[in-house]
Amino acid sequence: MLPQDDKHHHYRARRDGAEVVVDLLRTHPPDFHLVDAVVSSHGCAGSQVGRPLRTGTVIAAADGVLADLVGALLMGVDPASSPLYARVLDDCGLPDDYRIDGDLTPYQGWRNPPRPLVEAVRRLAPDGWAHRLFSVAAWHVAPGTAQVTDPALARLSRILTSLIRAADTNPAAATLCAVLGATALASSTVRAWRAGNAKDGLRHRDVSLAVDPDAYTLADFDRITDLLRPLETVIDALPADAWQMRRRHVGHSILFGCERTVNAPYREFVRRVDVSRSISYMTDYLGGRVHVVSRDARGRPTRQIERNLYLAQPNYLAYYGGPPIDVCKLESVDYAEQRQRISWRTVRSPNGSADYDDGSVTFLPADGGARTRIVIRVRQRFTLPLTWQVIRPDTRPKLRDPLVQDSYQRFFTRTLDNFEAQYEGRPYRIGRPWEELDDLEAAELPTRRLTEAALMLRTVAAQALTVPPPPGRLGPDGFWHVTPGDLPSRTPLLAEFRESLRPAVAGFWQGLREAAARDRRSRWTP
């Protein structure tokens, strides 16, 4: 059993579910697998809305990948149509020698979910609130139960379960697909907008290493510098532009180099800025994992494997479905007296976002050690979204070159800024970390807010439509008598709302002033 109670939060949203299964099989492989399929639930959502079917089958296997393969074939589906199974099959594979005792004829009367519905659900990002909300609401939730007390979520659950039940026998599945598709489109649009305009709202990624460290020898790390040397020779020979950047297309990949000399004493700079963590200092870094293979006598990493993720580059490619850049690298780190350097070579891209992302970062003393020179050289080739593959920018240099120049200038200028920020101790990372505690009520939050807002609007409307009594009092002479101390009565709820809003407004302006002050203090001066 996985230790955390909230499985969705920890093993689907915070981490990739397929990676969790792969790591679990590698670290704690089960001795035997038994699937009880005597009576099975089928239909659009068999795990949420029960539709029992007597299938009269028991699957027993020593290998879990093989057991799932048999189960999928009995349901009449391609096993690899499940992204989770496809990832496990790719990483673990089937056993070398096996045989199947039994009949693989698909179950009689078995109904699989409609393909459009499956694709609509998959378009919901697992780490987004829409996927979380749908996952919880798809279960039948009764108002007032211990699990969910939000009436809006309970009502949504009844609507969804009704649609799911009806989708097996009538065209209601099209309605459900349309609703999920529209939700997925809105969610992806918001995520794409955040990638370029609200990066602090993004979540950090918690990932596995995605490669087997035992598959590489020490010689594989030691060859990295020699492999990069011819490329770096070409990069250094290219003419530099006004920003000290060099760029050239070679073999459908991009050779790029840049440098900056910063006003920081070399010895102090390398003490504060760990060269082995250079990858994580780069801009738009979402997260990753590092596995240290060897260290020097002072405990510093000299060989390591790193997986790192960045936002789609350029950021606007997120609007076209561009995935985050996800690469696994072998890295070699050198700590010489007058030079520190990390070199890396890409060995895998789990999401297929990169063919090449090789390079190096070097720290050198400048002006006799009074300042520090940062040199970055890379060879990169990233996979474009389908829309841009159709446009084929490689065949249109007049379109390609300005876009590439702007993208690299922005990315590496900010990256060099991050190195300086790391030295000065200023914050520069994007995104926000996941909460360590379980987040069981995360799905209720959107609907709970809607419920509270509806109740508040109804109360405010009721009070607004109620005519308040005039100030003063009615005298025996039939006239209203008003004194200077009499004030018109105010709606209590509006007054309470105004008072509750006052700290938030004051805090916003205070935060804005502090941010402006930090920007002024950190402004670069020649």
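Everything numeric in this text was worked out from a predicted model, so none of it was measured. (Residues numbered from 1 in each chain as written. Predicted model: local features only at pLDDT ≥ 70, side-chain atom pairs only at ≥ 80, totals over all residues. Heavy atoms only, no water.)

This part takes up the overall build of the protein. A tally of helices and strands in the protein yields 16 helices and twelve strands. Residues classed as buried in the protein amount to 37% of the 526 residues present. Carbon together with sulfur atoms contributes 57% to the accessible area of the protein, which is approximately 30300 Å² in total. (Helix = DSSP H or I, 4+ residues; strand = E, 2+ residues; numbered from the N terminus. Buried < 20%, exposed > 50% of the residue type's maximum accessible area, 1.4 Å probe, protein only. Areas by Shrake-Rupley, 256 points an atom, 1.4 Å probe, with all protein chains shown as cover.)

Now for the environment of Asp-220. Note on placement: Asp-220 falls in helix H9 (residues 218-222). Take Asp-220: its relative accessible area is 14%, and that puts it in the buried class. Sequence separation between Asp-220 and Leu-330 is 110 residues; the distance between their C-alpha atoms is 8.0 Å. Dropping the residues within four chain positions of it, Asp-220 is found in contact with Ala-215, Leu-330 and Arg-345. Within the structure, the side chain of Asp-220 is placed 2.9 Å from the backbone nitrogen of Thr-217, a separation counted as a polar contact. (Contact = heavy atoms within 4.5 Å. Polar contact = N/O pair within 3.5 Å; in protein donor to acceptor, adjacent residues only side chain to side chain.)

A separate point is the packing of helix H3 (residues 64-74) against helix H4 (residues 83-92). Look at H3 against H4: their axes get within 10 Å of each other, and the N-to-C directions meet at 140°. With respect to H4, the element H3 is oriented oblique. The chirality of how H3 crosses H4 is left-handed. Between H3 and H4, the contacting residues are Val-65, Asp-68 and Leu-69 on the first element and Tyr-85, Val-88, Leu-89 and Cys-92 on the second. (Axes fitted to C-alpha atoms, helices over the stretch in contact; angles between N-to-C directions. Parallel < 35°, antiparallel > 145°, perpendicular 65-115°, else oblique. Left-handed = near helix turned anticlockwise from the far one by under 90°.)

What follows covers the nonpolar core. Counting residues in each nonpolar core, the largest one holds 37 residues, and the members touching the most others are Phe-269, Val-361, Phe-363, Ile-374, Ile-376 and Phe-412. Among the elements of the structure, strand E4 (253-262), helix H11 (266-272), helix H12 (278-281), strand E7 (325-336), strand E8 (339-348), strand E9 (354-366), strand E10 (371-382) and helix H14 (397-424) are those that each provide at least two residues to this core. With eight residues, the top contributor of residues to this core is H14. Residues contacting Phe-412, with those up to four places away along its chain left out, are Met-245, Phe-256, Cys-258, Ile-376, Val-378 and Gln-380. Counting twelve residues, the second largest nonpolar core, distinct from the first, contains Cys-44, Leu-124, Phe-134 and Cys-177. (Core = buried A, V, L, I, M, F, W, Y, C linked by side-chain atoms within 4.5 Å.)

Strand order in this open sheet of eight strands is E3-E4-E10-E9-E8-E7-E6-E5, and the pairing throughout is antiparallel. Pairing within the sheet leaves two strands with one partner each, and these edge strands are strand E3 (245-250) and strand E5 (285-295). When strand polarity is set aside, the average angle formed by the axes of neighbouring strands in this sheet is 15°. Both E8 and E9 contribute to a ladder of five bridges, which runs antiparallel. Residue pairing for E9: Arg-341 is matched across the bridge by Thr-362. (Pairing = 2+ DSSP bridges.)

Here we take up H14. Taking 1.5 Å per residue, 28 residues should reach 40 Å; H14 reaches 40 Å between its end C-alpha atoms and fits that length. Backbone geometry just after H14 places Gly-425 at a positive phi near 80°. (Expected span 1.5 Å × (residues − 1).)

Before going further, it helps to spend a moment on the packing of helix H2 (residues 17-27) against H4. A pair of packed helices is captured by two measures, namely the crossing angle of their axes and the spacing between those axes. Viewed as axis vectors pointing N to C, H2 and H4 meet at an angle of 40°, and their least axial separation amounts to 9 Å. One element, H2, and the other, H4, form an angle in the oblique class. Crossing geometry of H2 relative to H4 is assigned as right-handed. In this structure, H2 uses Gly-17, Ala-18, Glu-19, Val-21, Val-22, Leu-25 and Arg-26 to contact H4, whose residues at the interface are Leu-84, Arg-87, Val-88, Asp-91 and Cys-92. Classifying every residue of the contact of H2 with H4 gives seven nonpolar, one polar and four charged. (Nonpolar A, V, L, I, M, F, W, Y, C, P; charged D, E, K, R; others polar.)

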